[in-house]
Amino acid sequence: MADQKPITTTTIFLFIPNLIGYARVVLALGSLAVMRYHPKICTWLYVVSCLLDAFDGAAARKFNQSTKFGAILDMVTDRCTTSCLICFLSSRYPNWAIFYQLLISLDLASHYMHMVAMLGSGQQSHKKVGKERGWFLNLYYTNTRVLFIFCAANELFFVALYLYSFPPATPPYLGSVYGIPLSYATIMAVVTFPIWLGKQVTNVIQMVQAAQVLAQVDVEERNGKLAAGSAKNK
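Heads up: these notes are all about the structure in this document. Predicted model, so just to flag it, every value in this text is computed and none were measured.

## Looking at the overall build of the protein
For the protein, the count of helices and strands is 8 helices and 2 strands. From first element to last, N terminus to C terminus, the protein shows the α and β order α-α-α-α-α-α-α-β-β-α. Taking the principal axes of its C-alpha atoms as reference, the protein extends roughly 80 × 50 × 30 Å. Split into buried and exposed, the 234 residues of the protein put 37% on the buried side. Considering only residue pairs separated by 6 or more positions, the protein has 71% of its internal contacts joining residues 24 or more positions apart. A total accessible area of about 14,400 Å² is found for the protein, and carbon and sulfur atoms account for 68% of it. Taking the 19 positively charged and 11 negatively charged side chains of the protein as two groups, their mean positions are separated by 2 Å.

Okay, here's the thing in structure tokens:
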């Protein structure tokens, strides 16, 4: 058997799932560049960037190329793209600015604490959640269909609010409900809202459980030091 070449940082950077991750970043940047002026182009770029999130994970599993760098790249790309869109929404809906600020804070705090808790407990990926973290988070992260539905609905709800902020070029002629004119954006927001709300609840659960994991790590470290100190004094 021929000797295999040693793995280098360049090798890691060029893993297939990481290349998909870079494509996601480029598409997201493109969507941000046209966000104020071209809602249709922005939406397509943003949605394709989000959809590729499912493919990088599949590629990592298929080619055995799961890495800590890839996990961080995936997490950071998700958080940055969503946060940028929410920031834009706060400018479109200034009366709801504090609400959007809280959403960004919850999203960033929840996922950052979860990532640190998972890596601190020896896991290579933030998605490898065991049943000890509760059945819901275990289902959320280990069932790819559940994860995809929650994440897709979350992003589509924000996209719907984004599209709704632009007056349609022509009336959609979909009627109205309680005086609110219906459009494709309105219908998409209504359909995705329950799952979007569930995603926010999931963020809260994730943050609370991550705090418990981190606190338990502190407990074990401090008790270990106390035990070592007691052993020296004997």
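## Notes on the nonpolar core
Counting residues in hydrophobic clusters, the biggest one holds 21 residues, and the most contacted among them are Leu85, Leu89, Tyr100, Phe158 and Tyr162. Looking at this core, the elements that each hand over two or more residues are helix H3 (39-62), helix H4 (68-92), helix H5 (97-120), helix H7 (144-164) and helix H8 (184-233). The residues touching Leu89, leaving out its near neighbours within four places in the chain, are Tyr100, Phe158, Leu161 and Tyr162. Met118, Tyr140, Tyr141 and Phe150 belong to the second largest nonpolar core, which has 7 residues in total.

## Quick look at the environment of Leu103
Summarising the element assignment, Leu103 is placed in helix H5. Note on Leu103: relative accessible area 8%, which makes it buried. Along the sequence, Leu103 and Asn203 sit 100 residues apart, while their C-alpha atoms lie 9.8 Å from each other. Beyond its immediate sequence surroundings of up to four residues, Leu103 is in contact with Phe158, Trp196 and Gln200.

## Overview of the packing of H5 against H8
Put simply, H5 and H8 touch, their axes get as near as 8 Å, and they point 45° apart. Compared by their axis directions, H5 and H8 come out oblique. Seen from above, H5 lies across H8 with left-handed handedness. Note on element contacts: H8 touches H5 through Trp196, Lys199, Gln200, Asn203, Val204, Gln206, Met207, Ala210, Ala211, Val213 and Leu214, opposite Phe99, Leu103, Leu106, Asp107, Ala109, Ser110, His111, Met113, His114, Val116 and Ala117.

## Looking at helix H6 (residues 135-142)
Every buried residue of H6 is listed here: Leu137, Asn138, Tyr140 and Tyr141. When H6 is viewed along its axis, its buried side chains cluster within an angular range of 165° and face the same direction. Packing partners of the buried residues in H6 comprise H5, H7 and H8.

## Details of the state of the cysteines
Per the counting criterion, the structure on display carries 0 disulfides. Here Cys50 is not cross-linked by a disulfide; its sulfur's nearest cysteine counterpart is in Cys151, at 9.2 Å. You can call Cys50 partly exposed: its relative accessible area is 21%. Free cysteine Cys87: the closest other cysteine sulfur is in Cys84, separated by 6.2 Å.

Thresholds applied
- Residues numbered from 1 in each chain as written.
- Predicted model: local features only at pLDDT ≥ 70, side-chain atom pairs only at ≥ 80, totals over all residues.
- Heavy atoms only, no water.
- Helix = DSSP H or I, 4+ residues; strand = E, 2+ residues; numbered from the N terminus.
- Buried < 20%, exposed > 50% of the residue type's maximum accessible area, 1.4 Å probe, protein only.
- Contact = heavy atoms within 4.5 Å.
- Areas by Shrake-Rupley, 256 points an atom, 1.4 Å probe, with all protein chains shown as cover.
- Lys, Arg positive; Asp, Glu negative; His and termini not counted.
- Charge placed at Lys NZ, Arg CZ, Asp CG, Glu CD.
- Core = buried A, V, L, I, M, F, W, Y, C linked by side-chain atoms within 4.5 Å.
- Axes fitted to C-alpha atoms, helices over the stretch in contact; angles between N-to-C directions.
- Parallel < 35°, antiparallel > 145°, perpendicular 65-115°, else oblique.
- Left-handed = near helix turned anticlockwise from the far one by under 90°.
- Arc of directions from axis to C-beta.
- Disulfide = S-S within 2.5 Å.

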